[in-house]
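Listed below, chain by chain, are the residues.
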Amino acid sequence: MTLSTSSSDPQPVPAASPPGLVEIAGWLVRRFWLSALIALAVLAGLALAANRAPGVVPSLGPAIIDHQMVRSHRRTDAELLVVGDSSGLLGLDPIEVESRLGVRTEMLNVIGPVRGPGFVRLLENAIAAGARPKMVLFIIQPFTLLHAPGRSHDDLMKAVLADGWSPVAWEEGVRRSGDVLLLGGLFEEPIPGPFGAEYGNIGELRRALDAGQGGLLHPGPPLVPPPGTHAEVDYVIYPVAREDLRQAGEMLKRLDLKEVYVGFGATAESLSYEKTAGARRAMLEEVRQLLGLPEGHALLLPTVLPDQEMVDPMHVGREGRKRFTRDAMPVLQRALASGGG
Amino acid sequence: MKFNSAAFLAFLPLVFVAAHLLRAKLRAQNAFLVVASILFYGWFDWRLAFLLLLYGVVAHQAALRIDATRDEALRRRWLTLSVGLCLTGLGFFKYAGFAAENVARGMQLLGLRGDPVLLEILLPIGISFYCFQSVAYLVDVYRGEVKAEPDPITFAAFMFFFPLLVAGPIERARHLLVQFQRVRVVTADQVTTGLWLVVWGLFLKVVCADTLAGFVARVWQGEPSIEGWAILGGAVAFTLQIYFDFNAYSVIAKGAAALLGIELVWNFERPYWATSVQEFWRRWHISLSTWLRDYLYVPLGGSRRGSFRTYINLMITMTLGGLWHGAAWTFVLWGMLHGAALCVHRLWSGWRSAPRVPAWLGWALTMTVVVFGLFIFNSPNLDVAGGLLFRLGHFSFTPFDRALWLAIAATTAPVFFVELLQERRGGLLAPARIGFVPFSALTGLMVAAIFVRFSETAHDFVYFQF
């Protein structure tokens, strides 16, 4: 019996007796042995490549880290290098800074769980790749220093420090590398949440990071704070964060860079009211000291933005990014003039 | 049980082995297939298996009674009763909520108090398909085109055959039932092309359709950044997604059946190569379009009662065809659009002095109707469709648009390649008949890609909801 090639083909006529299972298995093996071999070879290749090839991470956060790791190894002629967490990544627009201040600007910011030593590691990569920045700026969200870092994120910092990801199970590895190496990233579905609506999939997010000189826009809707009053925040650095900053400071010392500055990312108005401004400034000074930076190297970047310019309490949105960048400009200009430039 | 699930990938080989072990015992093999099919269907929700059984009992018993008498009035009564029961079941599960909502709206428009009776009715998966298959069987028996099958096991094997149970194709007794009435003898060609069809279907679903599904969902969520190119791309992406997805189901069904020695009809024959809407309907969801032709359009009078009546019949058939997909005005509008396009095509074809439409223009016009129709079809309501159309005028090319259009190009390329082989080498199975090495490379790469993209939490088949 043969399969027809058209829906209107006549009925096939049965032959004498049904073939046995062994005979049928023989047909399948004869027809598909090479297909199976090719599939297995491709999958084995993908499994081997999984833990070596860059760009084989599955979700937003790791993808940002992964791509900034890749970028940190590219030679750059940036005069201003920005490092730190997502409050800087989403807050300061390097293209705008470059066009207003006339200094070539690159950003290597990642996300908070990478923590202090991880931020400096990206800087180390850039220096090793030939970067000679006149000024380095750390931007950190103060709120991330107030709590114990989540253990589930430990692998993110480890990945940056090791300059590569921990090996994953082979099936997971095949899937990750298959998306990139076999399917060219073209078959990736959109990222969930607002980033997906703006950037599409991971491949496009990487392109956007390149096009934005390492900066990214958070496309989320404006923050609607829960009804109630401003939150009381106790600005005390958590011991683990303190240790991270100290370790980052040690790493910085080895790099022997003169003009390194630190500033805080913006926080939503509903979380940081004016009474806490003094405490925040004191905490910034403490961070400067832990990083081993000279006096005067703590920059007072815009600290509090209206809720409607934020997408969550610690990240600015489209309007907030414009405002943060614009308001940070004179501070950066002064720092550049006083030694960085 | 979904075709794109690990459960099915274990189920199919087990059924394959067991069915071939029973190869010489037709009744035992049929009985086994009935049990396997009920297990397959009950995997979604075991309670639904009772509804399926009920449909089977009604169709089997009514057909026997229709066949048993020469009394035309009695035969007609049995037909009306049984078809009425089948359609009532479909109507209740599919349209009761829609009807209640619209009655309430109508009352509100008249200034009366019209609280909609909220009917939270679970739509039994595949009911539209097995309902139509039952109706076709009953009508065919009534028309004397097939004999009623007395053996309940043979009948159940035909009625409940798992590959087509959930999303078709809608088979006719004269094609499928006869295959359960005799010992099935599979050939090497049938088994190997069957397995190839399963691989090709899974590739279409897991790699092509599901990639686009995520983008389509984002576009129809209507986030503010979704504008011009994204909406246009979303409409194209859904046009491709629904074809890849539904064709995937039909192809896997055909492949799985072939492995068991059963031949199913083709449901799609490269529909997007059509150069007219009429041709499109000869290539798209063939088992439904022929069902609508044979059991609705022809009984309405078809084209036998003059031009005006023909146009009315076309509109009625296509509008009801739209409504078959579900209880929503968007489906009705989709059906009416295609009905109107078919009328225009008929009018143009019948106009002697009409200039000949070049193939490329025919294709472009056809695809415009298809894409726009599916744009409405995929919108949950007319407000959403209108809202998206309103934003279509704002064009700025964002990274999302780039990702979307690249995904469209990437998913279309392999399908186009396979369809080109089908077109050039004469037949839907041509890709399975190319040289051994290219066939092995094509299949091997497809299997690897399926493994990469396979996910248990992936999107359901689009036609499950109908």
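For clarity, every value in this text was computed on a predicted model and none was experimentally measured. (Residues numbered from 1 in each chain as written. Chains lettered and ligands numbered in written order. Predicted model: local features only at pLDDT ≥ 70, side-chain atom pairs only at ≥ 80, totals over all residues. Heavy atoms only, no water.)

(A) Layout of the interface of chain A and chain B. Contact with chain A, which involves 55 residues of that partner, is made by 72 residues of chain B. Carbon and sulfur atoms supply 67% of the area buried between chain A and chain B, which totals about 5400 Å² over both sides. Where chain A packs against chain B, one counts 3 salt bridges. Here aspartate 179 of chain A ties to arginine 453 of chain B by a salt bridge, and the two come within 2.9 Å at their closest N and O atoms. For the side of chain A that touches chain B, the secondary-structure elements that each account for two or more residues are α1 (21–50), α7 (170–182), α8 (194–199) and α9 (202–211) of chain A. Looking at the side of chain A that touches chain B element by element, the count peaks at 15 residues for α1 of chain A. Looking at side-chain class alone, the side of chain A that touches chain B contains 31 nonpolar, 14 polar and 10 charged residues. (Contact = heavy atoms within 4.5 Å. Buried area = accessible area lost by both parts, 1.4 Å probe. Salt bridge = Lys/Arg side-chain N within 4 Å of Asp/Glu carboxyl O. Helix = DSSP H or I, 4+ residues; strand = E, 2+ residues; numbered from the N terminus. Nonpolar A, V, L, I, M, F, W, Y, C, P; charged D, E, K, R; others polar.)

(B) Here's a closer look at the sheet that holds strand β6 (residues 298–299) of chain A. Residues and elements named next belong to chain A. Across the sheet, which stays open at both edges, the 5 strands sit in the order β2-β1-β3-β4-β6 with parallel pairing between neighbours. Every other strand in the sheet has two partners, leaving β2 (105–107) and β6 as the edge strands with one partner each. Packing of helix α5 (residues 115–128) onto the sheet brings it into contact with β1 (80–84) and β3 (135–140), and relative to β1 it is tilted by some 150°. (Pairing = 2+ DSSP bridges. Axes fitted to C-alpha atoms, helices over the stretch in contact; angles between N-to-C directions.)

(C) Seen up close, α7 of chain A. Across its 13 residues, α7 of chain A extends only 15 Å between first and last C-alpha, which sits more than 12% below the 18 Å expected from 1.5 Å per residue. What α7 of chain A keeps buried is the set Gly173, Val174, Ser177, Gly178 and Asp179 of chain A. Contact partners of the buried residues in α7 of chain A: α1 of chain A together with α18 (436–453) of chain B. Immediately downstream of α7 of chain A, the backbone of glycine 184 of chain A shows phi near 65°, a positive value. (Expected span 1.5 Å × (residues − 1). Buried < 20%, exposed > 50% of the residue type's maximum accessible area, 1.4 Å probe, protein only.)

(D) View of helix α9 (residues 188–221) of chain B. All names here are of chain B. Here α9 contains 34 residues, and its C-alpha end-to-end distance of 48 Å stays within 8% of the 50 Å for a straight helix at 1.5 Å per residue. Along α9, the largest kink reaches about 40° and is centred on alanine 209. Counting buried positions along α9 gives 29 out of 34 residues, so the element sits mostly inside the fold. Looking at the residues trailing α9, positive phi occurs at glycine 222, about 70°. (Bend = angle between axes of the 7 residues up to and from the residue.)

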